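Now for the letters of each chain:
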Amino acid sequence: MKTIQLNFKQQSCKQYINLNDLHLWCLKTSDFLNIINTKYIILSHEEKSIAEKFVYEKDFQRYCVSHILLRLVLEKYLNADASSIKFKINKWHKPYLKNNPLVFNLTHSNEVAIIAISRSGLLGVDVEYVKPTYSKELISSFMNFAEQQYFKRLDSTEQIKYFYKCWTCKEAFIKAIGLGMSFPLKNIQTHINVQNKMEILHINSNQFSHEDWFCTSLSAGKDYPVTAVTNFKPDPLYITHKN
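Residues numbered from 1 in each chain as written. Predicted model: local features only at pLDDT ≥ 70, side-chain atom pairs only at ≥ 80, totals over all residues. Heavy atoms only, no water.

## Things to note about the packing of helix α5 (residues 145–152) against helix α6 (residues 156–177)
Alright, step 1. Running from N to C, α5 and α6 cross one another at 155°; their axes reach a closest spacing of 9 Å. By the criterion of interaxial angle, the relationship of α5 to α6 is roughly antiparallel. The two elements α5 and α6 cross, and the hand of that crossing is right-handed. Of the residues in α6, those touching α5 at E147, Y150, F151 and K152 are Q159, Y162, F163, C166 and K170.
Alright, step 2. Grouping the amino acids of the contact of α5 with α6 by side-chain chemistry returns five nonpolar, one polar and three charged. (Axes fitted to C-alpha atoms, helices over the stretch in contact; angles between N-to-C directions. Helix = DSSP H or I, 4+ residues; strand = E, 2+ residues; numbered from the N terminus. Parallel < 35°, antiparallel > 145°, perpendicular 65-115°, else oblique. Left-handed = near helix turned anticlockwise from the far one by under 90°. Contact = heavy atoms within 4.5 Å. Nonpolar A, V, L, I, M, F, W, Y, C, P; charged D, E, K, R; others polar.)

Next up, the structure:
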């Protein structure tokens with residue numbers, strides 16, 4: 001995967017994103033805490049209302065930083081002021097840009113935010129912070145029978161890796177289709193291929209075919225697996241921030 005460094009003072013990214021390109025911005029939220037003081041004003045009334053409901057300061061900070069960063073990143077592709085960007089929300093709360101071919105998705109976990117940008121089709125991305133333990137009840141709630149059987153054959157270290165690969169893949173898929181948790185995670189059959197990459201093997205649905213979906217897996221640093229799912233074969237570019 002190609003990797004570059006950019007900063008928010010550099011020129012527009014609009015001319016650099018072609019059809020089927022997938023830009024994955026990896027940003028450490030703790031590096032941008034100062035923008036809450038300087039850029040909080042660019043958030044919408046709705047975003048501020050959500051932010052102010054957080055009880056814990058860290059949750060407030062991570063939400064504000066990740067959503068401010070989303071606007072600053074989109075600003076580079078839209079050639080529009082970050083505060084003027086208007087989001088539409090579907091009935092399952094997936095945001096999108098009205099009358100604009102640019103598609104995006106935001107995910108954040110612990111101190112990492114990933115912003116995925118493309119001009120093609122449907123797109124979802126998920127990052128998770130790896131914890132040394134996991135809930136057995138959660139496994140049975142999102143893994144189907146075949147996945148659980150594969151999981152049981154792995155040693156404890158590989159189980160944790162597979163758990164998060166499987167989870168981020170399924171989360172990214174349901175974010176891509178924009179149906180939220182109304183689409184059962186067990187209806188998505190994942191598979192580790194010979195290149196040790198996650199792929200969607202089957203979707204139990206009359207609406208979606210597994211042949212239309214592609215997984216892009218990467219690491220956003222130690223303990224941060226990321227999966228992006230698209231309904232087009234992407235040409236991914238990994239972007240980190242340069243001060």
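Continuing now.
## Examining the pattern of salt bridges
For side chains of opposite charge, pairing can occur when their charged atoms come near one another.
Alright, step 1. Tallying each qualifying case throughout the model produces five salt bridges.
Alright, step 2. In this structure, E47 and R71 form a salt bridge, with 3.0 Å as the shortest nitrogen-oxygen distance. A residue pair is termed long-range when its members are at least 10 positions apart, and E47 in helix α2 (residues 45–51) and R71 in helix α3 (residues 57–78) qualify at 24 residues. R71 matches E47 in its accessibility class, with the two residues each being buried. (Salt bridge = Lys/Arg side-chain N within 4 Å of Asp/Glu carboxyl O. Buried < 20%, exposed > 50% of the residue type's maximum accessible area, 1.4 Å probe, protein only.)

## Considering the sheet that holds strand β5 (residues 103–109)
Alright, step 1. Taking strand neighbours across the sheet as the criterion, the five strands line up as β1-β12-β2-β6-β5 in an open arrangement whose pairing is mixed. Strand pairing shows two members of the sheet lacking a second neighbour, β1 (2–6) and β5, which therefore form its edges. Neighbour to neighbour, the strand axes of the sheet diverge by 20° on average, direction disregarded.
Alright, step 2. Two elements, strand β2 (residues 21–28) and strand β12 (residues 235–241), share six bridges in a ladder whose sense is parallel. Within β12, the position partnered with H23 by the bridge is L237. (Pairing = 2+ DSSP bridges.)

## So, the nonpolar core
Alright, step 1. Core analysis: the largest hydrophobic core is formed by 34 residues, its most contacted members being W25, L74, Y77, I115 and I117.
Alright, step 2. Those elements giving two or more residues to this core turn out to be β2, α1 (35–39), α3, β5, β6 (112–118) and β12.
Alright, step 3. Per-element accounting of this core gives the leading share, 12 residues, to α3.
Alright, step 4. Sequence-distant contacts of I117, that is, excluding residues within four places in its chain, are made with I17, D21, L22, H23, W25, V73, L74, Y77, L102, V103, F104 and L123. (Core = buried A, V, L, I, M, F, W, Y, C linked by side-chain atoms within 4.5 Å.)

## Overview of the side chain of S120
Alright, step 1. Its place among the elements puts S120 in the loop between β6 and β7 (123–127).
Alright, step 2. Residue S120 is classed as buried on the basis of its relative accessible area of 7%.
Alright, step 3. There is a polar contact of 2.9 Å between the side chain of S120 and the backbone nitrogen of N20.
Alright, step 4. If sequence neighbours within four positions are ignored, S120 has contacts with L19, N20, V103 and F232. (Polar contact = N/O pair within 3.5 Å; in protein donor to acceptor, adjacent residues only side chain to side chain.)

## Let's talk about the state of the cysteines
Alright, step 1. If you walk through the whole model with that rule in mind, you get zero disulfides.
Alright, step 2. Here C169 stays unpaired: no disulfide links it, and the sulfur of C215, its closest cysteine neighbor, is 3.6 Å away.
Alright, step 3. Here C215 falls in the partly exposed class, since its relative accessible area comes to 21%. (Disulfide = S-S within 2.5 Å.)

## So, α5
Alright, step 1. Along α5, the residues that are buried comprise E147, Q148 and F151. All buried residues of α5 fall inside an arc of 100° around its axis, so they share one side. For α5, the exposed residues lying more than 90 degrees away from the buried face are F145 and K152.
Alright, step 2. Buried positions along α5 lie against α4 (136–142), α6 and β8 (188–192). (Arc of directions from axis to C-beta.)

## Notes on the sheet that holds β7
Alright, step 1. Pairing in this open sheet of three strands is antiparallel, and the strands run β7-β11-β10 from one edge to the other. The outermost strands of the open sheet, each flanked by one partner alone, are β7 and β10 (214–219). Each strand axis lies, on average, 15° off the axis of its neighbour in the sheet, ignoring direction.
Alright, step 2. Where β7 and strand β11 (residues 225–230) come together, five bridges link them in antiparallel fashion. Looking at β11, one finds that L123 is bridged to T230.
Alright, step 3. Lying over the sheet, α6 contacts β7, β10 and β11, oriented at roughly 145° with respect to β7.

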